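Structural overview
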Amino acid sequence: MENSGGIQASLSGRYATALFEIARDANTLPQVEASLAAVRQALTDSPEFRLLVNSPVVTRPEAARAVAATAGALQLDATTTNFLGVLAQNRRLKELPAMIRAFRQLAAQHRGETTAEVVSAHPLDVGQVDALKQQLRTRLGRDVTVDLSVDPSLLGGLVVKIGSQMIDSSIKTRLNSLAHAMKG
């Protein structure tokens, strides 16, 4: 794996690597990926779940019970459910978003894909995502998985990060550049 050394350097990366290796060895990568996608969506959609994950005052037993209930409600696979339980016991739930990102990178590398982090001002529809994947595939010469997020402060356009490379076509950056140029 090309970037696994970099991923393993961080705490969240070590947890993600451990989860990836367990899922790979058990042939459950697709199920774990689907479960992590559901967790990621829950972090976006549920203020209560976000609070649970980020709260320093929730006790370990409370966090474990809440995570178990959430895992049941989201119908997560057993590996992901156990993983969340370990995070709750180790007080590492706050690292969950970074762990999910690292896991997605590892899974994409395993499939021979490149992951592009794409931030847009507004949610992209399926057609836009497909067109973006096609453009990135043409540019990079390999399949690309996109990790989408929304930042309304961009005003318009996209910011695409692939490894250390960044393509910033956001209106916010263009306006900042114009303002800087006008100051002379």
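Read on for an overview of the structure.

Conventions and cut-offs
Residues numbered from 1 in each chain as written. Predicted model: local features only at pLDDT ≥ 70, side-chain atom pairs only at ≥ 80, totals over all residues. Heavy atoms only, no water. Helix = DSSP H or I, 4+ residues; strand = E, 2+ residues; numbered from the N terminus. Buried < 20%, exposed > 50% of the residue type's maximum accessible area, 1.4 Å probe, protein only. Contact = heavy atoms within 4.5 Å. Areas by Shrake-Rupley, 256 points an atom, 1.4 Å probe, with all protein chains shown as cover. Lys, Arg positive; Asp, Glu negative; His and termini not counted. Charge placed at Lys NZ, Arg CZ, Asp CG, Glu CD. Pairing = 2+ DSSP bridges. Axes fitted to C-alpha atoms, helices over the stretch in contact; angles between N-to-C directions. Phe/Tyr/Trp six-rings, centres within 6.5 Å; stacked < 30°, edge-to-face > 60°. Expected span 1.5 Å × (residues − 1). Arc of directions from axis to C-beta. Polar contact = N/O pair within 3.5 Å; in protein donor to acceptor, adjacent residues only side chain to side chain.

**What to know about the overall build of the chain**
Per the secondary structure count, the chain includes nine helices and four strands. Along its sequence from the N terminus, the chain presents helices and strands in the succession α-α-α-α-α-α-α-β-α-β-β-β-α. Considering only C-alpha atoms, the chain reaches an extent of 55 × 35 × 30 Å along its principal axes. Relative to its full complement of 184 residues, the chain shows a buried share of 37%. The long-range share in the chain, meaning contacts at least 24 apart out of those at least 6 apart in sequence, stands at 66%. Looking at the chain as shown, the accessible area adds up to about 10,500 Å², and 54% of this sits on carbon and sulfur atoms. In the chain, 20 positive and 17 negative side-chain charges are present, and the distance between their average locations comes to 6 Å.

**Comments concerning the sheet that holds strand β2 (residues 144-150)**
Pairing is mixed across the open sheet formed by four strands, whose spatial order is β2-β1-β3-β4. A strand with exactly one partner marks an edge of an open sheet, and here the two such strands are β2 and β4 (165-168). Within this sheet the neighbouring strands show an average axis-to-axis angle of 20°, counted without direction. Judged from the seven bridges that link them, strand β1 (residues 114-120) and β2 form a sheet pairing that is parallel. In the sheet register, threonine 115 faces β2, and the bridge partner there is threonine 145. This element, helix α7 (residues 96-110), spans β1 and β2 of the sheet and lies at about 140° to β1.

**Considerations on the packing of aromatic side chains**
Counted by the stated rule, this structure contains two aromatic pairs. Between tyrosine 15 and phenylalanine 83 the ring centres are 6.4 Å apart and the planes differ by 70°, which places this aromatic pair in the edge-to-face class. With a gap of 68 residues between them, tyrosine 15 in helix α2 (residues 11-25) and phenylalanine 83 in helix α6 (residues 78-89) connect regions that are remote in the sequence. Given a relative accessible area of 9%, phenylalanine 83 falls into the buried group. Aromatic pair phenylalanine 20 and phenylalanine 103: ring centres 6.1 Å apart, planes at 65°, arrangement edge-to-face. Taken as a pair, phenylalanine 20 in helix α2 and phenylalanine 103 in helix α7 lie far apart in primary sequence, 83 residues in all. For the pair phenylalanine 20 and phenylalanine 103, a shared accessibility class is recorded, and that class is buried.

**As for helix α3 (residues 29-45)**
For α3, with 17 residues, the first-to-last C-alpha span of 24 Å sits near the 24 Å given by 1.5 Å per residue. All of the buried residues along α3 are Leu29, Val32, Ser35, Leu36, Val39, Ala42 and Leu43. Projection of α3 onto a plane perpendicular to its axis shows the buried side chains occupying an angular sector of 145°, all on one side. Projecting away from the buried face of α3 at angles above 90 degrees are the exposed residues Pro30, Thr44 and Asp45. Those residues of α3 that are buried lie in contact with α2, α4 (47-54), α5 (60-74), α6 and α7.

**Some details on the side chain of threonine 70**
With respect to the element layout, threonine 70 can be found in helix α5. Within the structure, the side chain of threonine 70 is placed 2.8 Å from the backbone oxygen of alanine 66, a separation counted as a polar contact.

**Digging into the side chain of threonine 17**
Following the sequence through the fold, threonine 17 ends up in helix α2. Accessibility expressed as a relative area gives 6% for threonine 17, which makes it buried. In this structure the side chain of threonine 17 is engaged in a polar contact, spanning 2.7 Å, whose partner is the backbone oxygen of glycine 13.

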